[in-house]
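Below, each chain spelled out in residue letters.
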Amino acid sequence: MTDWRDFPKLELHLHLEGAAPPPLVRRLAAEKGLDMVGVFDEAGHYNSNDFTSFLRTYERVSTVFSTPDDYRALTEAVLTECANNGVIYAEIFLSPTSLGYDPAKWTDYLAAIEEGADQAEQAHGIVARLIPVAIRHHGPEQAVIGAKTIMSVPRGRMTGFGIAGDERLHQPKDFTPAFKAMAEAGFRLTAHAGEFGGPESVRAALDDLKVERIGHGVRAAEDADLLVRLAAEGQVLETCPGSNVSLGVYPDLASHSIGALLAAGVKCTVSTDDPPFFHTNMTSEYTELEATFAMGEAQFARFARTAVQAAFCEPEVKANLVAHLDKSGVPGA
Ligand SMILES: [Zn+2]
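This structure is a prediction, so every number in the text was calculated from the model and none was measured. (Residues numbered from 1 in each chain as written. Predicted model: local features only at pLDDT ≥ 70, side-chain atom pairs only at ≥ 80, totals over all residues. Heavy atoms only, no water.)

## Description of the pattern of salt bridges
- This structure, assessed with the given rule, holds 20 salt bridges.
- For Arg72, the salt bridge goes to Glu76, with nearest N and O atoms at 3.9 Å. Note that Arg72 and Glu76 are positioned in helix H3 (residues 68–84) at a spacing of 4 residues, about one turn of the helix.
- Here Arg72 falls in the buried class, since its relative accessible area comes to 16%.
- Between Arg168 and Asp166 there is a salt bridge whose closest N-O contact spans 2.9 Å.
- Asp166 sits in the buried class, given a relative accessible area of 16%.
- One salt-bridge network, held together by shared partners, links Glu114, Asp118, Glu121 and Arg157. (Salt bridge = Lys/Arg side-chain N within 4 Å of Asp/Glu carboxyl O. Helix = DSSP H or I, 4+ residues; strand = E, 2+ residues; numbered from the N terminus. Buried < 20%, exposed > 50% of the residue type's maximum accessible area, 1.4 Å probe, protein only.)

## Some points on the sheet that holds strand S7 (residues 236–239)
- In spatial order, the strands read S1-S2-S3-S4-S5-S6-S7-S8; together these 8 strands make up an open sheet with parallel pairing. This sheet does not close on itself; its edge strands, each paired only once, are strand S1 (9–15) and strand S8 (267–270). Shown here is a sheet whose adjacent strand axes are inclined to one another by a mean of 25°, direction ignored.
- Two strands pair when backbone bridges link them, and strand S4 (residues 160–164) and strand S5 (residues 188–193) are joined in this way by 2 bridges, in the parallel orientation. (Pairing = 2+ DSSP bridges. Axes fitted to C-alpha atoms, helices over the stretch in contact; angles between N-to-C directions.)

## Observations concerning the coordination of the zinc ion
- Of the protein atoms, only His13 (NE2), His15 (NE2), His192 (NE2) and Asp273 (OD) coordinate the zinc ion, at distances of 2.1 to 2.3 Å.
- What the 4 donor atoms of the zinc ion show is an angle range of 87 to 173° at the metal, which sorts the shape as irregular.
- Sequence positions of the residues that donate to the zinc ion give the spacing H-x1-H-x176-H-x80-D. With a gap of 177 residues between them, His15 in strand S1 and His192 in strand S5 connect regions that are remote in the sequence. Taken individually, His15 and His192 each receive the classification buried, so the pair is uniform in this respect. (Donors = N, O, S within 2.8 Å, 3.2 Å for Na, K, Ca; no water. Tetrahedral: all angles 85-135°; square planar, octahedral: opposite > 155°, others 65-115°.)

## A few points about the state of the cysteines
- Within the structure shown, the criterion is met by 0 disulfides.
- We note that Cys82 lacks a disulfide partner, and the nearest cysteine sulfur, in Cys240, lies 12 Å from it. (Disulfide = S-S within 2.5 Å.)

## A few points about the packing of helix H12 (residues 297–310) against helix H13 (residues 315–327)
- Contact pair H12 / H13: the axes reach a minimum separation of 9 Å and the direction vectors enclose 170°. Taken together, the axes of H12 and H13 lie roughly antiparallel to each other. Residues Ala304, Arg305, Val308, Gln309 and Ala310 of H12 pack against Lys318, Leu321, Val322, Leu325 and Asp326 of H13.
- In terms of residue class, the contact of H12 with H13 is made up of 6 nonpolar, 1 polar and 3 charged. (Parallel < 35°, antiparallel > 145°, perpendicular 65-115°, else oblique. Contact = heavy atoms within 4.5 Å. Nonpolar A, V, L, I, M, F, W, Y, C, P; charged D, E, K, R; others polar.)

Structure representation (structure tokens):
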């Protein structure tokens, strides 16, 4: 019987550049002669203590990755870090706008990302799927162009489509055309909502974008009617508690809504979002949840089982993940 602290973990909410390990960023920046002054703090972590400094550092870190081979190395490093924290399956958000909209360029970069994912899978057994995301503050027209680019290139591990970026700009319904087109092309849908936006943004993502999962969604806890709806419909939230505390959505973990969401019967999963920016990883997310909310074996088993059910992957991959959980002694088989 495996100790529940060693249960296999699944991560459904992870941004590729946001998960970039600092040593890789330092190495590539040195090779390219890029100025990284201000990116790292004295301890060697990324400088990120609020939403503004997070976005600023994130953009500078992203500039380090400029070639397909950089993306291969990034993908392999991110998935290796996940595997080192017990993650057996990860879904990674890609932002097409950072590459422009040239399908030929996208084909090259995606091939490199696939190669990095292959390398990590061979070395560590971790399985990855990819979710390109529109960037909300770039606007609805760019989202449609991005969707068209994605639909025109080899799909590989891309199984979903989503939206990230500044939730305070534009309305979900503005992005309905891009989401509708992607759904018709067979992509599964998720959207960041209920992080900096309130419960109304979660409702709008469900009603206007027809998503299957909500990225974060934690502020749904402010609306009792919405909690009833989420529970009744079996909607799944990709919660990222460490991220929310780091960006000040909640002052500390004890104030986080995850306990209230679970108590209301809402299905939740746990992910790290942009782990090195938020000084977190899946091991510490679990440790902190245990320490703060006295969560234990039953709850961590539910997180894993819920994540398998909500994963954007093929039925045979899901069956393998279920088998992996079963043989690891995760309750709920
Ligand atoms: Zn996110």
